[in-house]
Amino acid sequence: MERLTPRGPPGHPHQREASTCWRLTVRVLEARGLGWADLLSEADPYVVLQLPTAPGTKFKTKTVTNSSHPVWNETFTFLIQSQVKNILELTLYDEDTVTQDDAWFKVLYDVSDLLPGRLLRKTFSLRAQARELSRLDVHVVSKAVAADQDELELVLKGSYEDTQTSALGTASAFCFHYMAAQEAELSGCLKAPGVKLQLKAESCPEELAVHLGFDLCAEERAFLSRRKQVVAKALKQALQLDRDLQEDEVPVVGIMATGGGARAMTSLYGHLLALQKLGLLDCVTYFSGISGSTWTMAHLYGDPEWSQKDLKGPISHVREHLAKSKLEAFSPDCLASYHRELAQRAEQGHTTTFVDLWGLVLEFMLHGRVVDQKLSGQRAALEQGQNPLPLFLSLSVKQNDLQTLDFKEWVEFSPYEVGFLKYGAFVPPELFGSEFFMGRLMKRLPESRICFLEGIWSNIFSLNLLDAWYDFTSSGDTWRQHIRDKIRDLGISKPLTGPISVSLDSEVPPASSGNSSWPETLWMQPGTALAQMFKGFLTSRPLYQHSSNFLRGLQMHKDYCAQKAFTTWADCQSDSSPNQLTPQEPQLCLVDAGYFINTSCPAMFRPGRRLDLIISFDYSLSSPFEVLQQTELDFRARGLPFPRVEPSPKDRRQPRECHLFSDPACPDAPVVLHFPLVNASFKDHSAPGVQRGPAELSAGQIDLTGVSSPYSMFNMTYKEEDFDRLVQLCDYNVRSSQDTILQALRTVLKNRAPEARPPRVQT
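The following refers to the structure shown. Just so you know, these numbers come straight off a predicted model, no measurement behind them.

What about the packing of helix 4 (residues 312-322) against helix 14 (residues 720-735)?
The contact between helix 4 and helix 14 brings their axes to 9 Å, and the two run at 145°. With respect to the hand of their crossing, helix 4 and helix 14 are arranged in right-handed fashion. Contacts between helix 4 and helix 14 pair Ile315, Val318, Arg319 and Leu322 from the former with Glu720, Phe723 and Asp724 from the latter. A class-by-class count of the residues in the contact of helix 4 with helix 14 yields 4 nonpolar, no polar and 3 charged.

Below is the structure:
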């Protein structure tokens, strides 16, 4: 029995602590009442056992032919670690000689309730953090004269490399990375005689390249201190305060921009221009966006001083390129250029997909040239706290198994780090796309240019048929029911017939005394081969996106379900089974966050940020309040503080330029200033308080929602006058709401006063 003592941040779902390895013995006894599998015969069953936390160990019982009551009585052993969430998978198959074997059902069993040295007989009735990493070096130390075709193939199942093949020579060498507690077996195929191997196993450095922790990174905390000095000066001037603000009195204000293609990009320029004119842009600390809004953000942050300069320059640049025909983006010269760059990315080690091509096409459409900018380079725009911190959001989904609504995880990109809100795992942007295993950097790849990330943030192509069907048929009531089903009820119950008995003879520690309500045992019925094929047809994503998974090999702590930071963002059935979560995936598939909710609000609720005021710029056209109401419903179901979004009947019929929502009964809930994309008083006013003359009325007529509207989601070419009108509309809507914005700032400033709020951790 070996004791390991890794280290890691306490209270984290990937937490590493003093741990003990145990040997788990599993005896598969029998199954009853399996019924008939084929027309002329009973089942030919066998059981496959797997423990993903013990990679490379997969066992199979013998096949019992033509039996509805098979008896196996076979024993298998696993080496497990007590501090890791160990989920035993038992899958019952029916063997077929002609077609692929049918998987009847799968049982997922949490072994943490087993006591050391005690025998537990378990009958499954269907009626009712990271570990130590080791490295194995293999060297060829002697050989006869090698022929050109002489090769050595070595396999270490469960390792990062898995299989390696090398032509034999005097310097032939192999390196495998694997879990220290793994029962590793090295096997090989030697295609030449006279070879001797020298093997050396050693521990890898304990330092991780992945930041595990839900707290803000040191760089962001330092930025907040610098930015608050800028915000304090801006607030003093905007609100005409008679004294300087202390750092803990400075409210945290964030801009939350939604998606909407070129419409969102153009509108966001207008909104930012208005804030700059009012002297309020320097009052903002965070700036989040998804989809088309990220195109504006990526362009602006290419200039380290963008918010201190006149925004008419960047706006003119976008206006020029948005007015051009997009056919040139598909000219032979451009296509050849795309092919060369994609080939270069492949040579560097990146996986290239259609989404990478989309990023290159988007870059040419918006800029007409190669933009040599990277996400890490945006740190220059934050060095003096001179700009808000940009936060770009995406969703991680399953590539082939589930529709987006059934499995989605928020992924945040900032100039400081990229990572998952749910897992509290982040890497520097320079390393996003590089290859990781168990938190260690295995292969560093060059950082991608910003256009490839813009392709990810606006990836509307990796949808499956179920996503498309939901988008076509769903309504607000459908979405609300989905939230209730997924957030509040994660259980499953579907009766089958027949029990399966398994004896688990273990040497494992007692179960932890958590208060988690997550199920101890789950079972799944894969269905017939035809049903699985049909499901695959509905859920596969033909134009998927691939990025290397920096969570690969990390394992969930045995009490991860009791971690509040994890359960806040857990909202699907797979969250109760670590074997189904993202650390088990070799690749990430990232899509536009609008697949779920057209909002970038989740970034504002990361622990340590605690915003006082959110300025919501909503570029949806379906309903002025739908996105914000969906966000409220989702966040309240997750236990996150959010104000009630209850517009009056009059506001629903005739929405104004700005609406304020707050919840005095919930002091932790931010104040929300919501700016829907509407043409209310702009049609009659050329500027706030200035009525249009008869000759100017046509300039105020903007068709936002009509069939012939130039602002549809998929239109990437605007006439110059259409571009100008949309920018002017958004500029007007914000400037006409100046009094409301200033009043909201006074309110949150007052709430920040020490006597107005209960003691809490300051941000």
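Some words on the side chain of Asn387
Position of Asn387 among the secondary structure elements: in the loop between helix 6 (354-367) and strand 18 (389-397). Residue classification places Asn387 among the buried positions, given a relative accessible area of 0%. Engagement of the side chain of Asn387 in a polar contact is seen with the side chain of Trp306, the distance being 3.4 Å. Among the polar contacts made by the side chain of Asn387, one reaches the side chain of Ser307 at a distance of 2.4 Å.

A word on the packing of aromatic side chains
Going through the model one piece at a time under the given rule, you end up with 24 aromatic pairs. Centroid distance Phe413 to Phe432: 5.2 Å. Interplanar angle 80°. Geometry classified as edge-to-face. On the criterion of sequence distance, the pair formed by Phe413 in strand 19 (residues 408-413) and Phe432 in the loop between strand 21 (425-427) and strand 22 (435-437) is long-range, its members being 19 residues apart. Phe413 gets classed as buried once you look at its relative accessible area, which sits at 0%. The rings of Phe420, Tyr423, Phe550, Tyr560 and Phe566 are connected pair by pair, giving a single aromatic cluster. The ring of Phe407 carries Lys398 above its face, with NZ or CZ at 4.8 Å from the centroid. Over the aromatic face of Phe682 sits the side chain of Arg692, whose NZ or CZ is 4.5 Å from the ring centroid.

Section: a nonpolar patch on the surface
Together, Ile460, Met713 and Phe714 give the surface a local cluster of nonpolar side chains, amounting to about 310 Å² of exposed area. The exposure class assigned to Met713 is partly exposed, which follows from its relative accessible area of 38%.

Conventions used here
Residues numbered from 1 in each chain as written. Predicted model: local features only at pLDDT ≥ 70, side-chain atom pairs only at ≥ 80, totals over all residues. Heavy atoms only, no water. Axes fitted to C-alpha atoms, helices over the stretch in contact; angles between N-to-C directions. Helix = DSSP H or I, 4+ residues; strand = E, 2+ residues; numbered from the N terminus. Left-handed = near helix turned anticlockwise from the far one by under 90°. Contact = heavy atoms within 4.5 Å. Nonpolar A, V, L, I, M, F, W, Y, C, P; charged D, E, K, R; others polar. Buried < 20%, exposed > 50% of the residue type's maximum accessible area, 1.4 Å probe, protein only. Polar contact = N/O pair within 3.5 Å; in protein donor to acceptor, adjacent residues only side chain to side chain. Phe/Tyr/Trp six-rings, centres within 6.5 Å; stacked < 30°, edge-to-face > 60°. Lys NZ or Arg CZ within 6 Å of the ring centre and 35° of its normal. Patch = residues over 30% accessible without salt bridge, like charges linked within 9 Å, V, L, I, M, F, W, Y side chains within 5 Å. Areas by Shrake-Rupley, 256 points an atom, 1.4 Å probe, with all protein chains shown as cover. Salt bridge = Lys/Arg side-chain N within 4 Å of Asp/Glu carboxyl O.

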